Amino acid sequence: MKLLKRESWWIWLLTYLLGNGVSMFLLGYLLNVYEKDAWYTKWQYWAIGFLCFILPFFIMLNIFIIQITVNVAAKLGVSGKEYYLSPYVWILCLIIPIIGWILFAIMDLYLVIMIFVNLHAGNGEKYVKEGE
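Residues numbered from 1 in each chain as written. Predicted model: local features only at pLDDT ≥ 70, side-chain atom pairs only at ≥ 80, totals over all residues. Heavy atoms only, no water.

Trainee: Any chance you could explain the packing of aromatic side chains here in plain terms?
Mentor: Centre-to-centre distance and the angle between the planes together describe a pair of aromatic rings. According to the stated counting rule, one finds 13 aromatic pairs in the structure shown. Relative to Phe 64, the ring of Phe 25 has its centre 5.4 Å away and its plane inclined at 20°; by these criteria the two rings are stacked. In this pair, Phe 25 is assigned in helix H2 (residues 23-30) and Phe 64 in helix H4 (residues 55-76), connecting sequence segments 39 residues apart. Ring geometry for Trp 39 and Tyr 40: centres 5.8 Å apart, planes at 80°, overall edge-to-face. The rings of Phe 25, Tyr 34, Trp 39, Tyr 40, Trp 46, Phe 50, Phe 57, Phe 58 and Phe 64 are connected pair by pair, giving a single aromatic cluster. (Phe/Tyr/Trp six-rings, centres within 6.5 Å; stacked < 30°, edge-to-face > 60°. Helix = DSSP H or I, 4+ residues; strand = E, 2+ residues; numbered from the N terminus.)

Trainee: How should a nonpolar patch on the surface be read in this particular structure?
Mentor: Among the surface-exposed residues, Ile 91, Leu 92, Leu 94, Ile 95, Ile 96, Ile 98, Ile 99, Trp 101, Ile 102, Leu 103 and Ile 106 lie close enough to one another that they form a single nonpolar patch of about 1100 Å² accessible area. It is helix H7 (residues 99-121) that contributes the most residues to the nonpolar patch, five residues altogether. Here Ile 102 is to be found in helix H7. Since its relative accessible area comes to 48%, Ile 102 is described here as partly exposed. (Patch = residues over 30% accessible without salt bridge, like charges linked within 9 Å, V, L, I, M, F, W, Y side chains within 5 Å. Areas by Shrake-Rupley, 256 points an atom, 1.4 Å probe, with all protein chains shown as cover. Salt bridge = Lys/Arg side-chain N within 4 Å of Asp/Glu carboxyl O. Buried < 20%, exposed > 50% of the residue type's maximum accessible area, 1.4 Å probe, protein only.)

Trainee: I tried to follow the environment of Ala 74 on my own but got confused; where do I start?
Mentor: Structurally, the position occupied by Ala 74 is in helix H4. Distance from Ala 74 to Asn 118, taken between C-alpha atoms, is 11 Å for residues 44 residues apart in sequence. Not counting residues within four places of it along the chain, the set of residues in contact with Ala 74 comprises Lys 81, Tyr 84 and Leu 85. (Contact = heavy atoms within 4.5 Å.)

Trainee: What exactly am I supposed to notice about unusual backbone geometry here?
Mentor: Glycine aside, negative phi is the norm for most residues, and most peptide bonds take the trans geometry. For Asn 32, which is not glycine, the phi torsion reads 60° and is therefore positive. Here Asn 32 shows up in the loop between H2 and helix H3 (43-51). Here Ile 98, not a glycine, exhibits a phi torsion of approximately 55°, which is positive. Looking at the secondary structure, you find Ile 98 in the loop between helix H6 (87-95) and H7. Take Ile 98: its relative accessible area is 57%, and that puts it in the exposed class.

Trainee: Help me understand the packing of H3 against H4 in this model?
Mentor: Packed helices, taken two at a time, are described by their axes: the angle between them and the distance between them. Closest axis-to-axis distance for the H3/H4 pair is 6 Å, and the angle between their directions is 135°. The angle between H3 and H4 places the two elements in the oblique class. Between H3 and H4, the residues in contact are Tyr 45, Trp 46, Gly 49 and Phe 50 and Pro 56, Phe 57, Met 60, Leu 61 and Phe 64, respectively. For the contact of H3 with H4, the per-class residue count stands at eight nonpolar, one polar and no charged. (Axes fitted to C-alpha atoms, helices over the stretch in contact; angles between N-to-C directions. Parallel < 35°, antiparallel > 145°, perpendicular 65-115°, else oblique. Nonpolar A, V, L, I, M, F, W, Y, C, P; charged D, E, K, R; others polar.)

Trainee: Would you mind going over the confidence of the model for the protein chain with me for this structure?
Mentor: Interpretation of this model should avoid reading the predicted coordinates in detail wherever pLDDT is low. Per-residue confidence for the protein chain gives a mean pLDDT of 91, with 97% of residues at or over 70. Here helix H1 (residues 9-18) stands out as the element of the protein chain with the lowest mean pLDDT, 91, in contrast to H7, whose mean of 95 is the highest. (pLDDT = per-residue confidence, 0-100.)

Trainee: Looking at this model, I keep getting lost on the nonpolar core. Mind explaining?
Mentor: Across soluble globular proteins, nonpolar side chains show a tendency to be buried alongside one another. Formed by 29 residues in total, the largest nonpolar core has its most connected members in Leu 27, Val 72, Tyr 84 and Ile 115. Among the secondary structure elements, those contributing two or more residues to this core are H2, H4, H6 and H7. No other element matches the eight residues that H4 contributes to this core. Ignoring anything within four residues of it in the chain, the contact list for Tyr 84 reads Val 70, Ala 73, Ala 74, Val 78, Ser 79, Trp 90, Met 107 and Leu 111. (Core = buried A, V, L, I, M, F, W, Y, C linked by side-chain atoms within 4.5 Å.)

This is how it looks when you write it as structure tokens:
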């Protein structure tokens, strides 16, 4: 896909800013980070989460967003994957009040910024199919 070329990094940044983060889902699709048998592919989990007073649904949605962002970052070669690929780091950041929450926001911001930096550096070009 030509959108993974180095020259197109600004398109991803623009769609991220204007689309409220939807570009991570599209970028995840182009980088093939979705797993066929993962928990997020089962509609039953989403239905149960929605029926349980909607709060679990939003928690699942946020976990899904973080998981896709982390997988996209790992696929593009963002440094520090031994830390941000571990779910324990994310859980620890959520459990510890104030300092952990600040670190959570910093880690999420770091991943998003470094994804765009790596797209600008041309790390997405190796996923462009020949002939496109």
